[in-house]
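Coordinate analysis (summary)
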Amino acid sequence: MKRTLIVLMALALAGCEDVVSEQEGSFLYDGETYRAVTRQYVRNGSTFERRVIYSRPQPVTCSATDDLDCIGAMRSEWLDVR
């Protein structure tokens, strides 16, 4: 059991990413404006961005550049809650 925990912790740390920057913004969907934060990450020397939209019932993570991806994520989250 102890060995399994150590292996799991090592794997979790190997996938760690550091937030380099954050930019506050908003996301308009279906006539409502939601708070959005775009974060730039560094993992293993590579950078990438993700957007978090603080919608109901909980935040969704999606592409920083593709609004359709974010709309799909929001719809999916809303369907999972119903």
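Read on for a plain summary of the structure. (Residues numbered from 1 in each chain as written. Predicted model: local features only at pLDDT ≥ 70, side-chain atom pairs only at ≥ 80, totals over all residues. Heavy atoms only, no water.)

Across its full length, the protein chain carries 2 helices and 4 strands. Listing every helix and strand of the protein chain by position from the N terminus yields α-β-β-β-β-α. Excluding contacts between residues fewer than 6 apart, the proportion of contacts in the protein chain whose partners are at least 24 apart in sequence is 20%. Surface exposure of the protein chain reaches about 6100 Å², of which carbon and sulfur atoms provide 52%. (Helix = DSSP H or I, 4+ residues; strand = E, 2+ residues; numbered from the N terminus. Contact = heavy atoms within 4.5 Å. Areas by Shrake-Rupley, 256 points an atom, 1.4 Å probe, with all protein chains shown as cover.)

Moving on to the sheet that holds strand E1 (residues 18-29). Spatially, 4 strands are ordered E1-E2-E3-E4 in an open sheet, and the strand pairing comes out antiparallel. Looking at strand neighbours, the two that pair on one side only are E1 and strand E4 (60-63), the edges of this open sheet. Put simply, the sheet's adjacent strands are angled 30° from each other on average, direction ignored. Here 11 bridges tie E1 to strand E2 (residues 32-43), and the two strands are oriented antiparallel to one another. Directly across from Gln23, in E2, lies its bridge partner Thr38. (Pairing = 2+ DSSP bridges. Axes fitted to C-alpha atoms, helices over the stretch in contact; angles between N-to-C directions.)

Here E2 pairs with strand E3 (residues 46-54) via 9 bridges, running antiparallel. Looking at the pairing, Tyr41 lines up with Phe48 of E3. The antiparallel pairing of E2 with E3 creates a hairpin that spans 2 residues between the two strands, and Asn44 there sits at a positive phi of about 50°. Pairing geometry for E3 and E4, over 4 bridges, is antiparallel. By the bridge assignment, Arg51 is partnered in E4 with Cys62. Counting the residues between successive antiparallel strands, the hairpin from E3 to E4 contains 5 residues.

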